[in-house]
Amino acid sequence: MAKLRVGVVSPEREIWSGEADMVIAKTIDGEIGIMPKHAPVLGVLVEGGVLTVKRGGGESDLVAAVHGGFLSVADNEVSILAEMAELGSEVDVAAAKDALQRAQASIEANQEDADAAVEAKRARARLRAAGEEVG
Amino acid sequence: MGAQLRLLRRRIKSVRSTAKITRAQELIASSRIVKAQQRMQAAVPYEREITRAVTGVVSNTSSVDHPLTVTKEQPTKAAVLIVTSDRGFCGGFNANILREAEALSTLLKGKGITPVPFVVGRKGIGWHSFRGREMGGKWDGFSDNPSYTHAKQIADTLIEAFSAEDGVDEIHIVSTGFVSMLTQEVAVKRVLPLVVEETPEKPDTPLPYFEFEPSAGAVLDSLLPRYVESRIFSALLQSAASEHASRRRAMKSATDNANELIRVFTMQMNQARQAEITQEISEIVGGANALADAAAGKE
């Protein structure tokens, strides 16, 4: 079966690139799964989403926290243009937990704190990417 | 010790300490160029992908009617983003940019468009405030090591100015492009209204016909600002690399000049010392002769 060529890039660096069987990302409309020979798509990714790349061939899945950005699919090439992204294996779990707690505390103090809501979403995505359970 | 000799010694000492500073600056700059170049390289994939995505969207939705792509028939105001450095010691780097920015302003004024400068870098800000020119926005403190957050701030301000009712109708960037270690060129680019730069690779293959999630409008809404951010970020990175390159070059020639000066002064100093010694000897000989003559006269 044909494979997908996947590139995860952020403005400051290329985060990961390689081949995969399937890519699962979360757009504003909902989760989208891309397999080889998918029609060209350009999607807007949600803030604090988790991206899963199924590499197949016995290799473990690649999980990354992706904050905003785009997904573009064309010609068996998948590019994830993330404003910020972090591989699950690179996430500092303690720091993310800390950030989540702080964000939740400020949301409790002020219900309309939009920054904190975003902050909480990001922290959750990072924790999920790292394989931690979050409520 | 002769006055001239002392003077020369003092000058050599001061030139030598200046040379030490310029030499250190040169070394710092050369080590930072490498880093800046790496960051430039690292930003390339994102820029390439986003350009491709924008080209894809704009070229296959010909009916696209987004505020950021519309060219006004009668533009009256244009934002000019001028990217300069925070520190001097870099030769003609800032002078070149400011000259080019002035030329652009004159050109725009000739077309009946009022230029509004938005300035990055302390040097450019100083230049504008010294002349009492009003700036639409100013940012400093990161010219030698810009991050994406900075580019985002700048882009937000510019896009806001562009979208405002009574805002600017065009956005230009004047910045230094990093061609190679030895060549940096000041370039003027128009960012908005959008002129999508064609990707150089595979110009013959038709671009894929995209589906949009959730819709073409929504995708454009978030894609175009990112595209502008990425262009500004790339300008900042290139400008940072160029700044280091021209600083290295300026400091290298300063060091060379200082060494040449030291050489000349050392020669002059040696001459002066020789002259002094010769004079001293002839004074002693003269004195001795006079003493000998006086002694001979007594006998």
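Given the structure is predicted, the values throughout are model-derived calculations rather than measurements. (Residues numbered from 1 in each chain as written. Chains lettered and ligands numbered in written order. Predicted model: local features only at pLDDT ≥ 70, side-chain atom pairs only at ≥ 80, totals over all residues.)

Student: When you look at the overall build of chain B in this model, what are you seeing that I'm missing?
Tutor: Secondary structure assignment for chain B yields five helices and six strands. The secondary structure elements of chain B, listed N-terminal to C-terminal, are α-β-α-β-α-β-α-β-β-β-α. Against the globule reference of 19 Å for 299 residues, chain B gives a C-alpha radius of gyration of 30 Å, more extended than a compact globule. Based on the C-alpha atoms only, the size of chain B along its principal axes is roughly 125 × 40 × 30 Å. (Helix = DSSP H or I, 4+ residues; strand = E, 2+ residues; numbered from the N terminus. Rg over C-alpha atoms; globule rule 2.2 N^0.38 Å.)

Student: Help me understand the UniProt feature "domain: ATP synthase F1 complex delta/epsilon subunit N-terminal" (unreviewed entry) in chain A, please; the structure alone is not making it clear to me.
Tutor: Residues given the UniProt feature "domain: ATP synthase F1 complex delta/epsilon subunit N-terminal" (unreviewed entry) here are residues 4-85 of chain A. Strand forms 71% of residues 4-85 of chain A and helix 0%; the C-alpha atoms that close the span are 20 Å apart. (UniProt positions renumbered as here; feature names shortened; annotations may be inferred.)

Student: I keep staring at the interface of chain B and chain A and nothing clicks. Help me out?
Tutor: Buried accessible area, meaning the area lost when the parts come together, often serves as the stated size of an interface. Opposite the 23 residues of chain B that make contact, chain A presents 23 residues. At the level of elements, α1 (3-60), β6 (211-213) and α5 (216-298) of chain B are the ones that each hand at least two residues to the side of chain B that touches chain A. Among the elements that line the side of chain B that touches chain A, the one with the most residues is α1 of chain B, at nine residues. Residue classes in the side of chain B that touches chain A are distributed as 17 nonpolar, three polar and three charged. Pairing of strand β5 (residues 41-44) of chain A with β6 of chain B, which is carried by three bridges, proceeds in the parallel orientation. Paired with valine 41 of chain A across the bridge in β6 of chain B is glutamate 211 of chain B. (Contact = placed C-beta atoms within 7 Å. Nonpolar A, V, L, I, M, F, W, Y, C, P; charged D, E, K, R; others polar. Pairing = 2+ DSSP bridges.)

Student: Is there a simple way to think about the pairing of strand β4 (residues 170-178) of chain B in this case?
Tutor: Within a regular strand, side chains alternate between the sheet's two faces. Residue and element names in this part refer to chain B. Of all nine residues that make up β4, eight are buried, and the element is covered over most of its length. Here five bridges tie strand β1 (residues 77-83) to β4, and the two strands are oriented parallel to one another. Paired with alanine 78 across the strands is glutamate 170, a residue of β4. Note that β4 and strand β5 (residues 184-192) share eight bridges and pair antiparallel. Across the sheet, residue phenylalanine 178 finds its bridge partner in β5, namely glutamine 184. (Buried ≥ 20, exposed ≤ 12 C-beta atoms within 10 Å, placed from the backbone.)

Student: Please explain the sheet that holds β1 of chain B as it appears in this structure.
Tutor: In sheet architecture, strand pairing relies on hydrogen bonds along the backbone and comes in two forms, parallel and antiparallel. Residues and elements named next belong to chain B. Taken together, five strands build an open sheet; the order of strands is β3-β2-β1-β4-β5 and the sheet is mixed. Bordering the open sheet on either side are β3 (137-139) and β5, each of which pairs with just one other strand. Neighbour-to-neighbour, the strand axes of this sheet turn through a mean angle of 20°, independent of strand direction. Contacting β1, β2 (114-120) and β3, helix α3 (residues 122-130) runs over the sheet at an angle of about 140° to β2. Taken strand by strand, α5 contacts β1, β4 and β5, and its axis lies near 35° from that of β4. (Axes fitted to C-alpha atoms, helices over the stretch in contact; angles between N-to-C directions.)

Student: Help me understand the confidence of the model for chain B, please; the structure alone is not making it clear to me.
Tutor: Low pLDDT means the predicted coordinates in that region are not meant to be read closely. All names here are of chain B. Residues at a pLDDT of 70 or more form 93% of chain B, whose mean pLDDT is 85. By mean pLDDT, the top-scoring element of chain B is α3 (91), and the lowest-scoring one is β6 (78). For this predicted complex, the interface confidence reaches an ipTM of 0.78, while the overall pTM sits at 0.83. (pLDDT = per-residue confidence, 0-100.)

Student: What should I look at first to understand the domain arrangement of chain A in this one?
Tutor: All names here are of chain A. Taken domain by domain, chain A consists of domain 1 (4-88) and domain 2 (91-129). Here the C-alpha centre of domain 2 lies 23 Å away from the C-alpha centre of domain 1. If you look at the interface, domain 1 gives ten residues, while domain 2 gives nine residues. Counting residues per element, the ones that place at least two in the side of domain 1 that touches domain 2 are β6 (49-54) and β7 (62-74). By residue number, the principal contributor to the side of domain 1 that touches domain 2 is β7, which donates four residues. Its residues assigned to classes, the side of domain 1 that touches domain 2 comprises four nonpolar, four polar and two charged. (Domains from an automatic or database assignment.)

Student: Explain the nonpolar core here, please?
Tutor: Grouped burial of nonpolar side chains is what soluble globular proteins tend to show. Core analysis: the biggest nonpolar cluster contains 99 residues, and Ala79, Leu81 and Leu158 of chain B have the highest contact counts within it. The element best represented in this core is α5 of chain B, accounting for 16 residues. Formed jointly, this core draws a minimum of three residues from each of two domains, domain 1 (4-88) and domain 2 (91-129) of chain A. (Core = buried A, V, L, I, M, F, W, Y, C linked by C-beta atoms within 7 Å.)

Student: What should I look at first to understand helix α1 (residues 93-109) of chain A in this one?
Tutor: Residues and elements named next belong to chain A. Between its terminal C-alpha atoms α1 stretches 24 Å, which fits the 24 Å expected from 17 residues at 1.5 Å a residue. Looking at α1, one finds that the buried residues are Ala96, Leu100 and Ala103. Buried residues of α1, seen end-on, are gathered within an arc of 70° and therefore sit on one face of the element. Turned more than 90 degrees away from the buried face of α1 sit Ala94, Ala95, Asp98, Gln101, Ala105, Glu108 and Ala109, all of them exposed. Against the buried residues of α1 lie α2 (114-129). (Expected span 1.5 Å × (residues − 1). Arc of directions from axis to C-beta.)

Student: How do you make sense of the pairing of strand β3 (residues 22-27) of chain A when you look at a structure like this?
Tutor: Residue and element names in this part refer to chain A. With three bridges connecting them, β3 and β6 associate as antiparallel partners. Within β6, the residue paired with valine 23 across the bridge is valine 53. Bridge count for β3 against strand β4 (residues 30-34) is five bridges, and the pairing is antiparallel. Across the sheet, residue lysine 26 finds its bridge partner in β4, namely glutamate 31. As consecutive antiparallel partners, β3 and β4 are separated by two residues.

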